Number of protein chains: 2
Amino acid sequence: MNKSGKFYGIGVGPGDPTLITMKAAQILSKVDMVIAPAADKESLALKIARPYINCKVIEMNFPMISNKNKLNDIWDKNVKIIQEILKEGNDTAFITLGDPMIYSTYTYILSRLCGYEAETIPGITSFCAAASKVNIPIAEGDAPFAVIPVKDKKLLEKTLKDFDNVVLMKISRNYDDVVKVLKENGFCAVLVTHCGQEDEKIEFDLDKYLGRGVSYLSLIIAWRDKK
Amino acid sequence: MNKSGKFYGIGVGPGDPTLITMKAAQILSKVDMVIAPAADKESLALKIARPYINCKVIEMNFPMISNKNKLNDIWDKNVKIIQEILKEGNDTAFITLGDPMIYSTYTYILSRLCGYEAETIPGITSFCAAASKVNIPIAEGDAPFAVIPVKDKKLLEKTLKDFDNVVLMKISRNYDDVVKVLKENGFCAVLVTHCGQEDEKIEFDLDKYLGRGVSYLSLIIAWRDKK
């Protein structure tokens, strides 16, 4: 029997194609197969990775649905396809936006892929790219910081009591609440949407989007106003 | 009068030279001057950046001392040197390990450099690189996470009550306390030292270094044991 292929999880960074690492580009250029998350148009991750890819690409569907059983079935099916590809001896790269170890579908795949050699290549996170773009530090010195995918208004309130530096992710789900709680707790903030992409938006006046909503690929960097 | 040069803050990543981004390498190759933090031997940041540099390098001393007045004087002096270089029209890159917006000397320079055009290039953080190396996610789904440079045992204890996922930085200052508090709060953890460098160490048995200490470039990724 042939040796199984190696599985790579590759972070391609936040959106700006030049923020891919040398290592990610080098591995993409030598693997036998690339798996990309499917999207309506070409996925952003695939757009970034495309110039380095010399092999077949499979677009795989990972829908954002809340039904856990349905989701599990889809993941299991996708993992089976990946296992078949690996068994045939193909080195295979799974590409993911940002960093593979922070809020990525990749870790769910990885945890189901027992018995195969796997290597993960880190990527620039969206919050590091956003902080660089606005030249505002996420944290300095000995200050801790928290990263919160905002789901629960209560958790956000609690965290803003305890931390002076926070990054808020997945804010499109309850943007108006987020803005209100930040204000009530005396935080300054900047909203960054589609960081590094052509339609990037940077907004310090968070009220501007109240009642209008923001895109899924938005985040807020916030810090306690010490004036 | 000539136009002033542009100031770049460049994250060169955590230590593995292949984890530098395309953008960082490209800017390093075109600037007129590079400023690197001085070290006893060649600084790690400079070692990573060296292959891309085609210009003069100035090594600048940023001592880790606690006397704030002394530190301010040194920073002011260093910033003056950088301003002189920029005034002469030199595009100048300041290189920094990891990401420039997370616990980097760069942000102290940037905040003193009013009136000059500045662009920051994000880098792979040490904690993303470490998580990838051990294939352990920092956070999944809607789980928040906290990053703590451990100074205060009390703050650590509080954070471990509130978060299931934490990254602990600067742990060399009080390693034994950190290990004790993690255990008391039922956390699993992995210690990663010199991630991506030749002398990298990965250790799941944190007791091994009790009483012996760990290097400054060490961090812990920890998660609540849900068994």
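Calculation notes
Residues numbered from 1 in each chain as written. Chains lettered and ligands numbered in written order. Predicted model: local features only at pLDDT ≥ 70, side-chain atom pairs only at ≥ 80, totals over all residues. Heavy atoms only, no water. UniProt positions renumbered as here; feature names shortened; annotations may be inferred. Helix = DSSP H or I, 4+ residues; strand = E, 2+ residues; numbered from the N terminus. Rg over C-alpha atoms; globule rule 2.2 N^0.38 Å. Buried < 20%, exposed > 50% of the residue type's maximum accessible area, 1.4 Å probe, protein only. Contact = heavy atoms within 4.5 Å. Areas by Shrake-Rupley, 256 points an atom, 1.4 Å probe, with all protein chains shown as cover. Lys, Arg positive; Asp, Glu negative; His and termini not counted. Charge placed at Lys NZ, Arg CZ, Asp CG, Glu CD. Pairing = 2+ DSSP bridges. Axes fitted to C-alpha atoms, helices over the stretch in contact; angles between N-to-C directions. Salt bridge = Lys/Arg side-chain N within 4 Å of Asp/Glu carboxyl O.

- Taking an unreviewed UniProt entry as the reference, chain A is identified by name as Precorrin-2/cobalt-factor-2 C20-methyltransferase belonging to Tepidanaerobacter syntrophicus.
- Per UniProt, the comment on chain A under Pathway (unreviewed entry) is "Cofactor biosynthesis; adenosylcobalamin biosynthesis."
- Quoted verbatim from the Sequence similarities (unreviewed entry) field of the UniProt record, the comment on chain A reads "Belongs to the precorrin methyltransferase family."

## Re the overall build of chain A
Part 1 of the reasoning: Scanning chain A for helices and strands turns up seven helices and 10 strands.
Part 2 of the reasoning: Against the compact-globule benchmark of 17 Å for 227 residues, chain A has a radius of gyration of 19 Å, which places it among compact chains.
Part 3 of the reasoning: Out of the 227 residues belonging to chain A, those deemed buried represent 53%.
Part 4 of the reasoning: Long-range contacts, defined as pairs at least 24 residues apart, comprise 65% of the intrachain contacts of chain A with a sequence gap of at least 6.
Part 5 of the reasoning: When the accessible surface of chain A is split by element, carbon and sulfur atoms take 50% of a total near 10300 Å².
Part 6 of the reasoning: Computed over 30 positive and 29 negative side-chain charges, the separation of the two mean positions in chain A equals 3 Å.

## Brief notes about the sheet that holds strand E9 (residues 201-203) of chain A
Part 1 of the reasoning: If you walk across this open sheet you meet the 10 strands as E9(A)-E8(A)-E10(A)-E7(A)-E6(A)-E6(B)-E7(B)-E10(B)-E8(B)-E9(B), and the pairing is mixed. The outermost strands of the open sheet, each flanked by one partner alone, are E9 of chain A together with strand E9 (201-203) of chain B. Mean inter-strand twist for the sheet, computed between neighbouring axes without regard to direction, equals 15°.
Part 2 of the reasoning: With four bridges connecting them, strand E6 (residues 145-149) of chain B and strand E7 (residues 165-169) of chain B associate as parallel partners. Of the residues in E7(B), the one forming a bridge with Val147(B) is Val167(B).
Part 3 of the reasoning: Helix-sheet contacts for helix H5 (residues 126-134) of chain A involve strand E6 (145-149), strand E7 (165-169), strand E8 (187-193), E9 and strand E10 (218-224) of chain A together with E6 of chain B, and the interaxial angle to E10(A) is about 65°.

## Quick look at the pattern of salt bridges
Residues and elements named next belong to chain A.
Part 1 of the reasoning: Following the criterion strictly, the structure yields 34 salt bridges over all chains and no others.
Part 2 of the reasoning: One salt bridge in this structure joins Lys-158 and Asp-162, with 3.2 Å as the shortest N-O distance. Of this pair, Lys-158 and Asp-162 both sit in helix H6 (residues 153-162), four residues apart, which is roughly one turn of the helix.
Part 3 of the reasoning: Take Lys-158: its relative accessible area is 37%, and that puts it in the partly exposed class.
Part 4 of the reasoning: For Lys-183, the salt bridge goes to Asp-207, with nearest N and O atoms at 2.9 Å. Residue Lys-183 is located in helix H7 (residues 175-184), and its partner Asp-207 is located in the loop between E9 and E10; the two are separated by 24 residues in the primary sequence.

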